Amino acid sequence: MSIGDVAERFGLATHVLRHWESMGLLTPARIGGARRRYGPDDLYRIAVILRAKEAGFGLDDIREMITTADAVTRREILRRRRADLARRIAEAQASLELIDCALACDHEDFTSCPDFQASVAEQVSPAAVPSDPAGRDVRRLACVDLEPQAYVARSRRPLP
């Protein structure tokens, strides 16, 4: 397939495929010395790159995973990405809980809600958090009707 056909098939601009080639992610065959020809292996590689990008991998990590023969190196890259993704998911979950609290809040203006103000204040100056014997955060947001066993775990970012 030509570069234009491949770009169209995957919804990419041709310059993206050229960039990936310049980074060592793709090595399409050349015909006549200049024209790129993409075969089934190249199409598979492009699909792998796109999936990895969807998972949040950068091009350098993708190149390292694709080009290394060392399974340990690949797993280490995956572990790093997994840890980062888990952190981002926790932050997004905490944000979702804050939004749910604000939506369910009985206060006319949720910004005047003591629970909302306390959660924002924690981002500025994290205080000691009450915990149960297992060390889990046991605070509950009063403005959200939670199940009796539900606890709200908030994401904490260290101050710079």
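What you see is a predicted model; the values in this text were computed from it and never measured.

### Considerations on the overall build of the chain
Along the chain, the regular secondary structure elements total six helices and two strands. Helices and strands appear in the chain in the N-to-C order α-α-β-β-α-α-α-α. The 160 residues of the chain split such that 27% are buried. Excluding contacts between residues fewer than 6 apart, the proportion of contacts in the chain whose partners are at least 24 apart in sequence is 43%. Per element, the accessible surface of the chain, about 10800 Å² overall, is 55% carbon and sulfur.

### Focus: the pattern of salt bridges
Opposite charge on two side chains makes pairing possible when the charged atoms of those side chains draw close. This model, assessed by the stated rule, comprises eight salt bridges. The closest approach of N and O atoms between Glu 54 and Arg 51, which form a salt bridge, is 3.7 Å. Placement of the pair is Glu 54 and Arg 51 together in helix H3 (residues 40–54), with a separation of three residues, close to one helical turn. By relative accessible area, Glu 54 is classed as exposed at 62%. The class of Arg 51 is exposed, set by a relative accessible area of 60%. Here the salt bridges share partners, and the residues they tie into one network are Arg 81, Asp 84, Arg 87 and Glu 91.

### Concerning the side chain of Arg 81
Examined against the element boundaries, Arg 81 turns out to sit in helix H5 (residues 71–104). The exposure class assigned to Arg 81 is buried, which follows from its relative accessible area of 9%. Side-chain polar atoms of Arg 81 contact the side chain of Asp 84, separated by 2.5 Å. Setting aside chain neighbours within four positions, we find Arg 81 in contact with Ala 55, Gly 56, Phe 57 and Arg 88.

### Side note on the nonpolar core
The nonpolar side chains of a soluble globular protein tend to be buried, and buried together. Counting 19 residues, the largest nonpolar core has Leu 17, Trp 20 and Ile 46 as the members making the most contacts within it. Looking at this core, the elements that each hand over two or more residues are helix H1 (3–10), helix H2 (14–22), H3 and helix H4 (59–67). In this structure, Leu 17 is in contact with Ile 3, Val 6, Ala 7, Leu 12, Leu 26, Tyr 38 and Ile 46, ignoring residues within four places of it in sequence.

### Let's talk about H3
For the α-helix, the turn length of 3.6 residues means that residues three or four positions removed from each other point alike. Taking 1.5 Å as the rise per residue, H3 with 15 residues should run 21 Å; its terminal C-alpha atoms sit 21 Å apart, in good agreement. For H3, the complete set of buried residues consists of Asp 42, Leu 43, Ile 46, Ile 49 and Ala 52. Just downstream of H3 lies Gly 56, where phi reads positive at about 95°.

What counts, and at which threshold
- Residues numbered from 1 in each chain as written.
- Predicted model: local features only at pLDDT ≥ 70, side-chain atom pairs only at ≥ 80, totals over all residues.
- Heavy atoms only, no water.
- Helix = DSSP H or I, 4+ residues; strand = E, 2+ residues; numbered from the N terminus.
- Buried < 20%, exposed > 50% of the residue type's maximum accessible area, 1.4 Å probe, protein only.
- Contact = heavy atoms within 4.5 Å.
- Areas by Shrake-Rupley, 256 points an atom, 1.4 Å probe, with all protein chains shown as cover.
- Salt bridge = Lys/Arg side-chain N within 4 Å of Asp/Glu carboxyl O.
- Polar contact = N/O pair within 3.5 Å; in protein donor to acceptor, adjacent residues only side chain to side chain.
- Core = buried A, V, L, I, M, F, W, Y, C linked by side-chain atoms within 4.5 Å.
- Expected span 1.5 Å × (residues − 1).

These figures capture arrangement, not role.
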